[in-house]
Amino acid sequence: MKKEVILAIETSCDETAVAIIQDGKEIIANVVASQIESHKRFGGVVPEVASRHHVEQMTIVIEEALQQAKLTMDDIDAVAVTEGPGLVGALLIGVNAAKALAFAHNKPLIGVHHIAGHIYANRLVKEMQFPLLALVVSGGHTELVYMEDHIRFEVIGETRDDAVGEAYDKVARTIGLPYPGGPHIDRLAHEGDPTLDLPRAWLEKDSFDFSFSGLKSAVINTLHNAKQRGVEIKPEDLAASFQESVIEVLVGKTLKAAEKYNVKQVLLAGGVAANRGLREELQKTFEPFDKQLELIIPPLPLCTDNAAMIGAAASELYKSGKRAAMDLNANPGLML
């Protein structure tokens, strides 16, 4: 029986990525061209710069993925692409490249939600068991997503202001660390002690929502107050205190939701899933439950934006007969 082969494209932000996935679970090729160095000097992603880089890299990355897989477009069953959410200019490059490929080679086209992709990155590690709960943590998203079955998403909690990755970047900038801030704060946090009393935003008693803007403001105020008093705060201790506050709320709410919804698996997803402190705390928290509740954490290359995750999610859409028309457009505000 012939195996299903999907070519997937991801350009929602500042990575030009193309992957080839077999049967939704096996990576045949996974190519990522990162733009971090280009955006570092601006302290964040510049949408226009990101779009121009995608234009330059797109055909090169597609060709490299096909070469890596030792396949041609004749071997591909469908072309998948991230249609949203993301930066509209960046998304447009991927969507139009996918439409051109699908049209030229007469292949089905599949539009994929970026966050669905992050969740399905876990399927490249282990088969999903339902019901499950996904903790999605990235630069633009912080969500708890409940799934009863494939491609059925229910957002049971989300951020009311800053996403966790956004908070990391803003705090890093305040401390004087380069972009992207997350890895630098994580590294510093492991060198310091959480000696500073920073707030935890638990919100209402039964809420699974998150809020990080108050914590970010508390960090800035703590630094300013210390400076006015002539007191020096060690950046390592500030990073450790900030990270402890973030992780305590993320893990606490995830555990509470996993117990309430009686799930079989908890999946970690998104760019901040690469955070060592978060990975360690989740493992420590869920270890006692491993007989009845399985924790899955993807390897680091599958945490940040990549096309393998888009191919994994597209496989289920392909099996269920979902196809996109040739008028598929970039949808920066696409809901899950």
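Preceding this paragraph is the structure being described.
As the structure is a prediction and not an experimental result, all values here were calculated from the model.

J.: Sorry, what's going on with the side chain of asparagine 306 here?
T.: With respect to the element layout, asparagine 306 can be found in the loop between strand 10 (294-296) and helix 10 (308-319). Relative accessible area serves as the criterion here: at 0%, asparagine 306 is assigned to the buried category. Within the structure, asparagine 306 has its side chain in polar contact with the backbone oxygen of leucine 302 (distance 3.5 Å). Setting aside residues no more than four positions away along its own chain, asparagine 306 makes contact with Glu10, Ala17, Asn30, Val32 and Pro301.

J.: Help me out: how do you make sense of the pattern of salt bridges in this one?
T.: Close approach of charged atoms allows side chains of opposite charge to pair. Evaluated as defined, the whole model comprises 18 salt bridges. Notably, a salt bridge pairs aspartate 162 with lysine 170, separated by 3.5 Å at the nearest N-O pair. By relative accessible area, aspartate 162 is classed as buried at 8%. On the basis of relative accessible area, lysine 170 is assigned to the partly exposed category, the value being 26%. Among the salt bridges present, the one from arginine 187 reaches glutamate 191, with a minimum N-O distance of 3.7 Å. By relative accessible area, which is 43% here, arginine 187 ends up partly exposed. Three or more residues joined by partner-sharing salt bridges are found here, namely Lys25, Arg123, Glu127 and Glu316.

J.: Honestly, the packing of helix 2 (residues 47-69) against helix 3 (residues 88-104) in this entry has me stumped. Any pointers?
T.: Two numbers describe a pair of packed helices, the interaxial angle and the distance between the axes. Helix 3 packs onto helix 2 with a crossing angle of 30 degrees between their chain directions and a minimal axis gap of 9 Å. Considering the angle they form, helix 2 stands roughly parallel to helix 3. Helix 2 and helix 3 meet at a crossing whose hand is right-handed. For the pair formed by helix 2 and helix 3, the contact residues are Ser51, His54, Val55, Met58 and Ile62 on the first element and Gly89, Ala90, Ile93, Gly94, Ala97 and Leu101 on the second. Class assignment for the residues of the contact of helix 2 with helix 3 results in 7 nonpolar, 4 polar and no charged.

J.: What's the story with the environment of isoleucine 36 in this structure? I'm lost.
T.: Position of isoleucine 36 relative to the elements: it lies in helix 1 (residues 36-40). Residue isoleucine 36 is classed as partly exposed on the basis of its relative accessible area of 26%. Spatially, the C-alpha atom of isoleucine 36 lies 9.7 Å from that of alanine 50, the residues being 14 residues apart in sequence. Among all residues touching isoleucine 36, those that are not within four sequence positions of it are Asp14 and Pro180.

J.: So what exactly am I meant to see when it comes to the nonpolar core here?
T.: Generally speaking, soluble globular proteins have nonpolar side chains that are buried together. In this structure, Phe242 and Leu250 are the most contacted members of the largest nonpolar core, which totals 47 residues. Among the secondary structure elements, those contributing two or more residues to this core are strand 6 (132-137), strand 7 (142-147), helix 5 (164-175), helix 6 (181-189), helix 7 (213-229), helix 8 (235-260), strand 9 (265-269) and helix 9 (276-286). When residues in this core are grouped by element, the largest group, 12 residues, is from helix 8. Apart from the residues within four sequence positions on either side, leucine 250 is in contact with Leu135, Val137, Thr142, Val164, Phe210, Phe212 and Leu278.

J.: What exactly am I supposed to notice about the sheet that holds strand 1 (residues 5-10) here?
T.: Backbone hydrogen bonds are what pair the strands of a sheet, in a parallel or an antiparallel way. Pairing in this open sheet of 5 strands is mixed, and the strands run 3-2-1-4-5 from one edge to the other. The open sheet has two edge strands, strand 3 (26-34) and strand 5 (109-113), and neither has a second partner. Taking the axes of each pair of neighbouring strands and ignoring which way they run, one obtains an average angle of 20 degrees across the sheet. Bridge count between strand 4 (residues 78-84) and strand 5: 5 bridges; the pairing is parallel. Paired with alanine 80 across the strands is isoleucine 110, a residue of strand 5. Relative to strand 2 (residues 15-22), helix 2 is tilted by about 25 degrees, and along the sheet it contacts strand 1, strand 2 and strand 3.

J.: Help me understand the pairing of strand 6 in this model?
T.: The side chains of a regular strand alternate, residue by residue, between the two faces of the sheet. Within strand 6, 6 of the 6 residues are buried, which leaves the element mostly enclosed by the surrounding structure. Neither face of strand 6 is left uncovered, since the one carrying Leu132, Ala134 and Val136 and the one carrying Leu133, Leu135 and Val137 both have all their residues buried. In textbook terms, the turn of a hairpin is the stretch between consecutive antiparallel strands, and for strand 6 and strand 7 this stretch comprises 4 residues. Relative to strand 9, strand 6 runs parallel, the two sharing 5 bridges. Each residue of the ladder has a partner; that of leucine 135, found in strand 9, is leucine 268.

J.: Explain the pairing of strand 9 to me, please; I cannot follow it from the model alone.
T.: Burial within strand 9 is extensive, with 5 of its 5 residues counted as buried. Neither face of strand 9 is open: one carries Gln265, Leu267 and Ala269, the other Val266 and Leu268, and all of them are buried. Alignment of strand 9 against strand 10, held across 3 bridges, turns out to be parallel. In the strand pairing of strand 10, valine 266 is matched with leucine 295. What joins strand 9 to strand 10 is helix 9, and the crossover it makes is right-handed.

J.: Just to check I follow, could you spell out the packing of aromatic side chains for this structure?
T.: Working definition: an aromatic ring pair is given by the centre-to-centre distance plus the angle between the planes. Counted under the stated rule, the structure contains 5 aromatic pairs. Taking the centre distance of 4.8 Å and the plane angle of 40 degrees together, the rings of tyrosine 146 and tyrosine 261 count as tilted. Pair noted here: tyrosine 146 is in strand 7 and tyrosine 261 is in the loop between helix 8 and strand 9, with a separation of 115 residues, a long-range link. One aromatic cluster is present, built from ring pairs that chain together Tyr146, Phe208 and Tyr261. Above the face of the phenylalanine 210 ring, lysine 253 is positioned so that its terminal group lies 5.9 Å from the ring centre.

Conventions adopted
- Residues numbered from 1 in each chain as written.
- Predicted model: local features only at pLDDT ≥ 70, side-chain atom pairs only at ≥ 80, totals over all residues.
- Heavy atoms only, no water.
- Helix = DSSP H or I, 4+ residues; strand = E, 2+ residues; numbered from the N terminus.
- Buried < 20%, exposed > 50% of the residue type's maximum accessible area, 1.4 Å probe, protein only.
- Polar contact = N/O pair within 3.5 Å; in protein donor to acceptor, adjacent residues only side chain to side chain.
- Contact = heavy atoms within 4.5 Å.
- Salt bridge = Lys/Arg side-chain N within 4 Å of Asp/Glu carboxyl O.
- Axes fitted to C-alpha atoms, helices over the stretch in contact; angles between N-to-C directions.
- Parallel < 35°, antiparallel > 145°, perpendicular 65-115°, else oblique.
- Left-handed = near helix turned anticlockwise from the far one by under 90°.
- Nonpolar A, V, L, I, M, F, W, Y, C, P; charged D, E, K, R; others polar.
- Core = buried A, V, L, I, M, F, W, Y, C linked by side-chain atoms within 4.5 Å.
- Pairing = 2+ DSSP bridges.
- Right-handed = clockwise from strand over helix to strand, strands pointing away.
- Phe/Tyr/Trp six-rings, centres within 6.5 Å; stacked < 30°, edge-to-face > 60°.
- Lys NZ or Arg CZ within 6 Å of the ring centre and 35° of its normal.

Any link to function would need more than the numbers given here.
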